[in-house]
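Listed below are the residues making up each chain.
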Amino acid sequence: MPRRRHRFILLSLVITLIAGVVSSGTLASARDGVVEIRPLSNRADLVSGDDVLVKFSVPDGANPSDLRISVNGSDVTEAFRQHSDGEGEGVLSGLDIGRNEVAASLPDGRGAQITITNHPIGGPVFAGPQIQPWVCQDTAKDKQCNEPPTFEYLYKPVTGGTLQPYDPDSPPPSGFVAETTTTEGVTVPFIVRQETGYIDRDQYAIATLYQPEKKWEAWAPQKQFNHRLVITHGASCNTEYLAGSAPDVQEVGMLGAGFIVMSNALDNSGHNCNLLVQAESLVMTKEYAIDHYGTVRWTIGSGCSGGSLVQLQVANAYPGLYQGVTPQCTFTDAWSSAMQYVDYDMLLRYFKDPGRWDPGTVWTPSEISAVLDHPNIGNPVTFTSVIPNGGDPSRSCPGVPAEDVYDPKTNPKGVRCTLQDYTVNAVGRRSKDGFANRPFDNVGIQYGLKGLREGLLTPGQFVDLNSHIGGLDMDGEVQKDRSSADIPGLVRAYTSGLVDSANNLDQVAIIDLRGPDPGAFHDVYRTYALRARLLRNFGTAANQVLWRGQVPLLGDVNYVDESVLAIDKWLARVDADHREVPLAQKIIEDKPTDLADRCTDGVGTDIPSWVCDETVASYGTPRFGADEPITDDTLKCQLQPLRKDDYSVTFTDDQWKRLNKAFPDGVCNYAKRGVEQTGAISWLTYQDDRGDVIYGGRPLGPPPHSIPY
């Protein structure tokens with residue numbers, strides 16, 4: 001019986017798995033009696049790099065070799081046959097930038113046509129005008145950072161350890177190279193080829209088991225490739241303006257199982273904390289991998305911290321790009337996490353400056369802890385010192401010379417290095433100063449409310465804090481008034497997916513990996529925030545499995561590889577389920593019966609769940625201490641009048657007068673959804689046909705399909 005769904009203001013288009021980067025396993029054969037042209041590596045309107053893996057299907061009784069294929073009116077049949085398997089699958093190359101009219105016809109006149117839109121390998125494709133300025137690597141051949149890929153070989157020694165350099169022309173002696181058996185039961189020497197190049201102005205890496213003495217073509221991959229892809233990601237969250245290094249793809253366990261492992265530097269949030277560009281570079285790099293290595297049945301994400309952030313926010317905004325994710329030390333997204341960061345920044349400034357306190361006010365560590373809703377008062381310090389301040393437009397900005405960085409007095413036209421300016425295509429610009437719209441807001445938030453109720457704070461401390469905390473201006477400096485979000489930016493933060501409301505995450509299998517947080521800002525609550533968002537939206541979180549363990553942050557030393565293999569088995573069941581029911585239903589109902597929440601000792605041994613209940617403790621945030629629900633995605637709260645009856649303490653007349661001054665329009669009512677709070681709209685593009693920006697984006701719509709004639 002179908003499960004009841006509780007949708008969360010869904011603006012999302014009804015776009016299924018193939019709305020993203022398609023896989024050959026999810027496509028039906030040609031319709032009876034007609035020719036069909038199907039791009040296998042990407043949507044037809046998002047192709048890049050001048051080539052695309054395609055499948056030309058013919059009706060029963062017809063021969064694929066009889067097809068005549070043309071691109072923009074020119075016959076390319078012979079060229080395609082040289083790059084195909086003879087059954088209609090192959091690489092169509094030499095595409096023009098822009099629209100390409102592809103046609104295929106049989107001798108009896110039956111045929112089909114499709115428009116394939118090709119974009120430069122240096123981008124952009126749908127993220128809109130690219131981040132500027134941008135500094136390419138020293139070896140770049142042009143301003144888009146392009147350069148030919150390089151290849152290196154490595155092997156795993158029989159003695160174990162890390163991968164070692166391998167020279168195909170002078171291989172190690174017999175018996176030195178280990179063997180491995182893939183998920184499909186194929187046994188080969190453990191030799192890896194890693195390709196490194198540049199896509200979308202940044203470095204990518206692709207690694208796979210490889211037999212150097214044998215050919216590999218996209219339409220005829222080597223047998224050890226299991227037709228699954230794992231994407232690795234980096235950590236942190238930063239705004240950089242230069243080409244970086246792709247995250248590590250030398251994942252021995254995954255490679256040995258037959259997966260291709262890929263990454264792009266733009267999917268390292270510590271290098272590029274821009275959802276739009278993260279998604280675009282993943283689409284482009286994934287297409288490149290399929291075009292050169294072969295079809296992918298499903299894609300799995302892997303990564304901790306900022307790597308979890310990319311997986312979850314991209315999977316929600318661009319459903320179908322991943323089929324499974326394994327976030328570790330989870331961050332749900334950049335912008336809802338930013339609320340905690342900015343609150344910490346403001347509170348630290350207040351607590352470190354007794355000159356801002358009323359005479360006689362004193363703050364002890366335990367009272368500060370009550371405001372933070374966290375037992376470790378060092379958590380704000382580590383968070384704000386390790387993660388760069390994305391709200392400071394004048395901070396040191398990697399890739400931008402110091403003299404070019406914004407300064408309100410000396411360089412007001414300089415580069416503003418804030419998170420919102422870095423993602424301006426999503427949030428748009430303010431008309432009054434041209435700065436990017438800022439979604440941050442703290443109007444009506446009663447900092448320390450929970451502590452006041454529990455008797456941990458005095459009425460005087462509560463009043464003093466909320467009277468003096470103020471907000472931050474557009475330059476990140478303390479201001480007297482609370483910060484009020486720019487409404488266009490607030491709306492777009494939700495619709496773009498910058499805030500991951502999880503309204504599309506029922507379409508992906510999730511194993512969340514979590515260990516204790518000793519006050520290192522990887523707060524455990526974020527795992528449960530994601531679960532709460534799923535429950536709010538769908539009435540179930542059965543597609544999210546939680547693995548906890550005793551290793552700080554990570555949970556268990558074995559979880560990375562084990563979770564990928566577990567997700568792989570889960571997705572194999574989904575892939576084999578041909579029922580005409582929603583994908584979300586399949587993901588839940590096809591979950592293996594032995595795949596469940598678990599708790600381990602950190603080195604692979606399962607232990608009772610109550611141990612993890614005690615050690616993997618979930619603490620709060622300043623906004624949880626102000627009554628925000630654990631869903632943690634209300635950027636701007638709805639307000640209600642300030643009423644004495646809502647408090648269990650008694651305020652003096654002067655204190656009540658000051659509270660009314662601090663909250664002239666009322667206080668947060670978290671029983672209501674936030675202002676303009678909604679879900680992400682799937683598959684937005686931020687550029688029009690000419691490449692001009694579309695602030696806030698517009699839906700791409702369903703992927704193009706071939707039209708028979």
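Note: the structure precedes this text.
Chains are numbered independently. Their residues run from 1 in the order of the written sequence. The model is predicted, so local features are restricted to residues of pLDDT at least 70 and side-chain atom pairs to those at 80 or more, both for listing and for counting; the totals for chains, interfaces and linings are taken over all residues. Side-chain measures were taken over the full set of non-hydrogen atoms in the model, leaving aside hydrogen atoms and water.

A short note on the environment of arginine 482
Secondary structure follows DSSP: runs of H or I at least 4 residues long count as helices, runs of E at least 2 residues long count as strands, and numbering of each begins at the N terminus. Looking at the secondary structure, you find arginine 482 in the loop between β20 (478-479) and α12 (487-495). Assessed through its relative accessible area of 12%, arginine 482 is described here as buried. Separated by 181 residues in the primary sequence, arginine 482 and phenylalanine 663 place their C-alpha atoms 9.1 Å from one another. In this description, contact between two residues means that some pair of their heavy atoms is separated by no more than 4.5 Å. Residue contacts for arginine 482: discarding those within four places in its chain leaves Asn442, Val443, Gly444, Ile445, Tyr447, Asn466, Ile469, Gly470, Gly471 and Phe663. A polar contact is formed between the side chain of arginine 482 and the side chain of asparagine 466, at a distance of 3.2 Å. When accessible area is computed with a 1.4 Å probe and restricted to protein chains, residues below 20% of their type maximum are described as buried, those above 50% as exposed, and intermediate ones as partly exposed. The term polar contact refers here to a pair of N or O atoms within 3.5 Å; inside protein, the definition further demands a hydrogen-donor-capable atom paired with an acceptor-capable atom, and it admits residues adjacent in sequence only when both atoms are side-chain atoms.

Description of the nonpolar core
Tyr318 and Trp363 are the most contacted members of the largest nonpolar core, which has 114 residues in total. Sequence-distant contacts of tryptophan 363, that is, excluding residues within four places in its chain, are made with Tyr350, Phe351, Trp357, Ile368, Val371, Leu457, Gln461, Asp464 and Leu465. For this analysis, a nonpolar core means a set of buried residues of the types Ala, Val, Leu, Ile, Met, Phe, Trp, Tyr and Cys, connected via side-chain atoms within 4.5 Å.

Comments concerning empty space enclosed by the protein
Here a cavity means grid points, on a 1 Å grid over the protein atoms only, where a 1.4 Å probe fits yet cannot get out; a pocket means an open set of points with protein on both sides within 12 Å along at least five of seven lines; lining residues are those with an atom within 4 Å of a point. Grid points are joined across faces, edges and corners, and a volume is the space filled by probe spheres set on the points. This model, assessed by the stated rule, comprises four cavities of 30 Å³ or more. Lining the largest cavity are 31 residues, and of these Ala338, Tyr341, Gly390, Gly391 and Leu419 lie nearest its centre. Broken down by secondary-structure element, the contributors of at least two residues to the lining of the largest cavity are α4 (306-317), α5 (334-351) and α8 (419-422). Per-element tally for the lining of the largest cavity: the top contributor is α5, with eight residues. Residue composition of the lining of the largest cavity, by class: 15 nonpolar, eleven polar and five charged. For this classification, Asp, Glu, Lys and Arg are treated as charged, while Ala, Val, Leu, Ile, Met, Phe, Trp, Tyr, Cys and Pro are nonpolar and the rest, including Gly, are polar.

A short note on the pattern of salt bridges
Any Lys or Arg side-chain nitrogen found within 4 Å of a carboxyl oxygen on Asp or Glu counts as a salt bridge. Overall, the coordinates contain 32 salt bridges when judged by the stated rule. Across the pair aspartate 373 and lysine 450 runs a salt bridge, and its minimum N-O distance is 3.1 Å. Separated by 77 residues along the polypeptide, aspartate 373 in the loop between α6 (365-372) and α7 (379-386) and lysine 450 in helix α10 (residues 449-453) bring together distant segments of the chain. Owing to a relative accessible area of 29%, lysine 450 belongs among the partly exposed residues under this scheme. With its nearest N and O atoms 2.9 Å apart, the salt bridge here joins arginine 548 to aspartate 613. Placement of arginine 548 in strand β22 (residues 544-548) and of aspartate 613 in helix α16 (residues 609-615) is noted, with a sequence separation of 65 residues between them. Where salt bridges share partners, they join Asp333, Arg533, Arg536 and Asp633 into one cluster.

Examining the state of the cysteines
In this description, a disulfide is simply a cysteine sulfur pair whose atoms lie within 2.5 Å. According to the stated counting rule, one finds six disulfides in the structure shown. Note on cysteine connectivity: cysteine 136 is disulfide-linked to cysteine 145, with sulfurs 2.0 Å apart. Handedness of the cysteine 136-cysteine 145 disulfide follows from its S-S torsion of about -80°: it is left-handed. Judged on exposure class, the residue cysteine 136 and its partner cysteine 145 are both buried. A disulfide bridge connects cysteine 237 with cysteine 273, and the sulfur atoms are separated by 2.0 Å. Since a negative S-S torsion denotes a left-handed disulfide, the cysteine 237-cysteine 273 link at about -100° is left-handed. On the criterion of sequence distance, the pair formed by cysteine 237 in the loop between β15 (228-232) and α2 (252-256) and cysteine 273 in the loop between β16 (260-264) and α3 (275-293) is long-range, its members being 36 residues apart. Residue classification places cysteine 237 among the buried residues on the basis of a relative accessible area of 17%.

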